[in-house]
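Residue-level structural notes
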Amino acid sequence: MLIDSRRDEPAANLPTSLDQLYALLEQQTDAPREKFSERLIRGTGPDHADIMIIGEQPGDQEDLQGKPFVGPAGQLLDRALEQAHIDRQQTFLTNAVKRFKYSQRGKRRIHETPNVGEINYYRWWVEQEIRLVNPRLVVALGATAARCLTGKAVTISRHRGEILPGADGRSVLITVHPSFLLRIPDKQGRQVEYAKFVRDLQLAKDFVR
Ligand code: URA
């Protein structure tokens, strides 16, 4: 299993900016490569934000465009953020795993879920993003982000809408991933779950108010 080799980095060596952090990550030769795109997708948003939202990993569109949350899940997230009165431009958006993992099927690139070792590999990097952006609340979208932020498996259906202590003691709001909403086959079920998702985001807004 891949383990995070940087866990014991002395404080004096920690990156002092996001640019430095991502440049350092680009140089890592031990990052998981099998099935991963080469392209590193950095987080977007202000250098300091009250709310930081963490997804699973970039998807096909994110990998092509070089930005997080620009594909179908990102568009759904945008709509829900707007309804929760959260300004995306004032929010920092990033992913637990920084590259797109996929399998090639014909011309299509099919998303593959990152494994625990791959999530663990990127954990230190996410912790550094959080330290630098210094949000008051981190929102975990789905199980991969929740594992990355709490250091353990979290059952989303049981804990969604709860604010849990993250590994560094920072508050982490658990909610579903927007891709989960896109996969719900019936319209009514999708509407119900979408409304709950907006409610979870409103909790985030209330928390930082
Ligand atoms: N899903 C994610 O988790 N992150 C993205 O950036 C896009 C889709």
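Provided above is the structure to which this section pertains.
We now turn to the structure provided with this report. (Residues numbered from 1 in each chain as written. Predicted model: local features only at pLDDT ≥ 70, side-chain atom pairs only at ≥ 80, totals over all residues. Heavy atoms only, no water.)

**Focus: the site of the ligand**
The environment of the ligand is made up of G55, E56, Q57, P58, G59, E62, P68, F69, N95 and H177. Contact distances for the ligand include 3.0 Å between a nitrogen atom and a backbone N or O atom of Q57. Between the ligand and H177 there is a distance of 2.7 Å, counted from an oxygen atom to a side-chain nitrogen or oxygen. Out of a free accessible area of 230 Å², the ligand has 94% covered by protein chains. Class assignment for the residues of the shell around the ligand results in three nonpolar, five polar and two charged. (Near = heavy atom within 4 Å. Polar contact = N/O pair within 3.5 Å; in protein donor to acceptor, adjacent residues only side chain to side chain. Areas by Shrake-Rupley, 256 points an atom, 1.4 Å probe, with all protein chains shown as cover. Nonpolar A, V, L, I, M, F, W, Y, C, P; charged D, E, K, R; others polar.)

**Overview of the environment of P135**
With respect to the element layout, P135 can be found in the loop between α4 (116-133) and β5 (137-141). Linking P135 and V208, residues 73 residues apart in sequence, is a C-alpha distance of 9.3 Å. Setting aside its immediate chain neighbours within four residues, P135 contacts A49, D50, I51, M52, I130 and R170. (Helix = DSSP H or I, 4+ residues; strand = E, 2+ residues; numbered from the N terminus. Contact = heavy atoms within 4.5 Å.)

**With respect to the sheet that holds β5**
Here we have five strands laid out as an open sheet, ordered β2-β1-β5-β7-β6, and mixed in their pairing. Each edge of the open sheet is held by one strand with a lone partner, namely β2 (92-95) and β6 (163-165). Averaged over neighbouring strand pairs, the angle between their axes works out to 30 degrees when direction is ignored. Across four bridges, β5 lies against strand β7 (residues 171-175) in parallel orientation. Along β7, the bridge assignment pairs L141 with T175. (Pairing = 2+ DSSP bridges. Axes fitted to C-alpha atoms, helices over the stretch in contact; angles between N-to-C directions.)

**Remarks on helix α5 (residues 142-150)**
Among the nine residues that make up α5, seven are buried, leaving the element largely enclosed by the rest of the structure. The set of residues buried in α5 consists of G142, T144, A145, A146, C148, L149 and T150. Along its buried surface, α5 packs onto β1 (51-55), α4, β5, α6 (156-159), β6 and β7. Count one or two residues on from α5 and you reach G151, which has phi positive near 80 degrees. (Buried < 20%, exposed > 50% of the residue type's maximum accessible area, 1.4 Å probe, protein only.)

**Focus on helix α1 (residues 18-26)**
In an α-helix, one full turn covers 3.6 residues, which means residues spaced three or four apart are oriented alike. Among the residues of α1, L18, L21, Y22 and L25 are the ones counted as buried. Projected down its long axis, α1 shows its buried positions confined to an angular sector of 90 degrees, all on one face. Taken together, the buried residues of α1 touch β2 and α4. (Arc of directions from axis to C-beta.)

**Things to note about the nonpolar core**
Ranked by size, the top nonpolar core spans 57 residues in total, and within it I54, L77, V139, L149, I174, F197 and L201 carry the most contacts. Per-element tally for this core: the top contributor is α4, with nine residues. Every residue in contact with V139, bar those within four places of it in the chain, is listed here: I51, M52, I53, I54, L173, T175, L201 and A204. (Core = buried A, V, L, I, M, F, W, Y, C linked by side-chain atoms within 4.5 Å.)

**Remarks on the packing of α1 against α4**
Put simply, α1 and α4 touch, their axes get as near as 10 Å, and they point 170 degrees apart. The orientation of α1 relative to α4 falls into the category roughly antiparallel. In this structure, α1 uses L18, L21, Y22, L24 and L25 to contact α4, whose residues at the interface are Y122, W124, W125, Q128, E129, L132 and V133. Looking at the contact of α1 with α4 residue by residue, the class counts come to 10 nonpolar, one polar and one charged. (Parallel < 35°, antiparallel > 145°, perpendicular 65-115°, else oblique.)

**Quick notes on unusual backbone geometry**
Backbone geometry at F69 places phi at a positive 55 degrees, although glycine is not the residue there. Here F69 shows up in the loop between α2 (60-65) and α3 (72-83). One non-glycine residue, H85, adopts positive backbone phi at about 60 degrees. Taking relative accessible area as the criterion, H85 reaches 59% and is therefore assigned exposed.

**Re the pairing of β2**
Where burial is concerned, the two faces of β2 agree: the one with F92 and T94 and the one with L93 and N95 are both buried. Here β1 pairs with β2 via four bridges, running parallel. What sits directly across from I54, in β2, is T94.

By themselves these figures say nothing about function.
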